[in-house]
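Below, each chain spelled out in residue letters.
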Amino acid sequence: MDEYLPCPMHEEPLLLIPSDARREVIAELNKGLPEDRRIRLYGDVCPFCRKMFDELLLRYAGDWMRVIEHVRVRRLILSEKDRRGIGTFQPKDEKNQDSTELTGDINYRKIALYGSDSDPAPSTSTAN
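None of the values given here were measured: they were computed from a predicted structure.

Draft legend 1. Local environment of the overall build of the protein chain. A count of helices and strands for the protein chain gives five helices and zero strands. Start at the N end of the protein chain and walk to the C end: the helices and strands fall as α-α-α-α-α. Considering the protein chain as a whole, with its 128 residues, one finds that 15% of them fall into the buried category. Sequence separation of 24 or more characterises 46% of the internal contacts of the protein chain that already satisfy a separation of 6 or more. Summing over all exposed atoms, the protein chain offers an accessible surface of approximately 11500 Å²; the carbon and sulfur share of this is 52%.

Here it is as structure tokens:
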């Protein structure tokens with residue numbers, strides 16, 4: 001029986017390719033692509049994926065190609081409009097990581113129009 005364990009961080013699946021083989025695989029994928037469409041990989045997979053990968057690597061005696069056969073890729077669509085997805089940001093000032101850089105400032109005049117400042121969806125009621 002196959003069991004599917006989704007990555008909690010929605011990692012880039014190409015990061016599962018071991019670093020010594022990654023350069024060759026990426027070069028092959030990028031062959032013939034214009035510069036602005038080429039794949040560039042940075043970083044490493046999350047701890048969960050690393051653990052799953054290592055366990056499967058033990059099962060297959062170090063054959064990472066067999067481990068990759070277990071990977072299922074699912075498209076994740078980020079939507080600011082639908083408020084769906086996860087993103088990261090780098091604060092402008094490392095010493096001041098104010099949350100308003102991420103969430104924006106509250107416009108208190110709009111609360112009267114749209115309802116509570118903790119409600120992400122605008123209210124349909126009107127204020128007097």
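The structure having been displayed, the exposition proceeds.
Draft legend 2. Helix 2 (residues 47–59), seen in detail. Here helix 2 is 13 residues long and its end C-alpha atoms lie 18 Å apart, about the 18 Å a rise of 1.5 Å per residue gives. Residues C49, F53 and L56 constitute the buried set of helix 2. Seen along its axis, helix 2 keeps its buried residues to an arc of 70 degrees; they face one direction. Residues of helix 2 that are exposed and point more than 90 degrees away from the buried face comprise P47 and L58. On its buried face, helix 2 is in contact with helix 3 (64–68). In the stretch just after helix 2, A61 is the one whose phi turns positive, near 55 degrees.

Draft legend 3. Region of interest: helix 1 (residues 19–30). With twelve residues, helix 1 should cover 16 Å at 1.5 Å per step; its first-to-last C-alpha distance of 16 Å lies within 8% of that length. Residues of helix 1 that are buried include every one of A21, R22, I26 and N30, and no others. Buried positions in helix 1, seen along its axis, are confined to an arc of 160 degrees and lie on one side of it. For helix 1, the exposed residues set more than 90 degrees away from the buried face come down to D20, R23 and E24.

Draft legend 4. The pattern of salt bridges, seen in detail. As enumerated under the stated definition, the model contains five salt bridges in all. Put simply, E35 and R38 hold a salt bridge, and the shortest N to O gap is 3.3 Å. A salt bridge links R40 to E35; the shortest N-O distance between them is 2.6 Å. Several salt bridges converge on common partners, so that one network encompasses E35, R38 and R40.

Calculation rules
Residues numbered from 1 in each chain as written. Predicted model: local features only at pLDDT ≥ 70, side-chain atom pairs only at ≥ 80, totals over all residues. Heavy atoms only, no water. Helix = DSSP H or I, 4+ residues; strand = E, 2+ residues; numbered from the N terminus. Buried < 20%, exposed > 50% of the residue type's maximum accessible area, 1.4 Å probe, protein only. Contact = heavy atoms within 4.5 Å. Areas by Shrake-Rupley, 256 points an atom, 1.4 Å probe, with all protein chains shown as cover. Expected span 1.5 Å × (residues − 1). Arc of directions from axis to C-beta. Salt bridge = Lys/Arg side-chain N within 4 Å of Asp/Glu carboxyl O.

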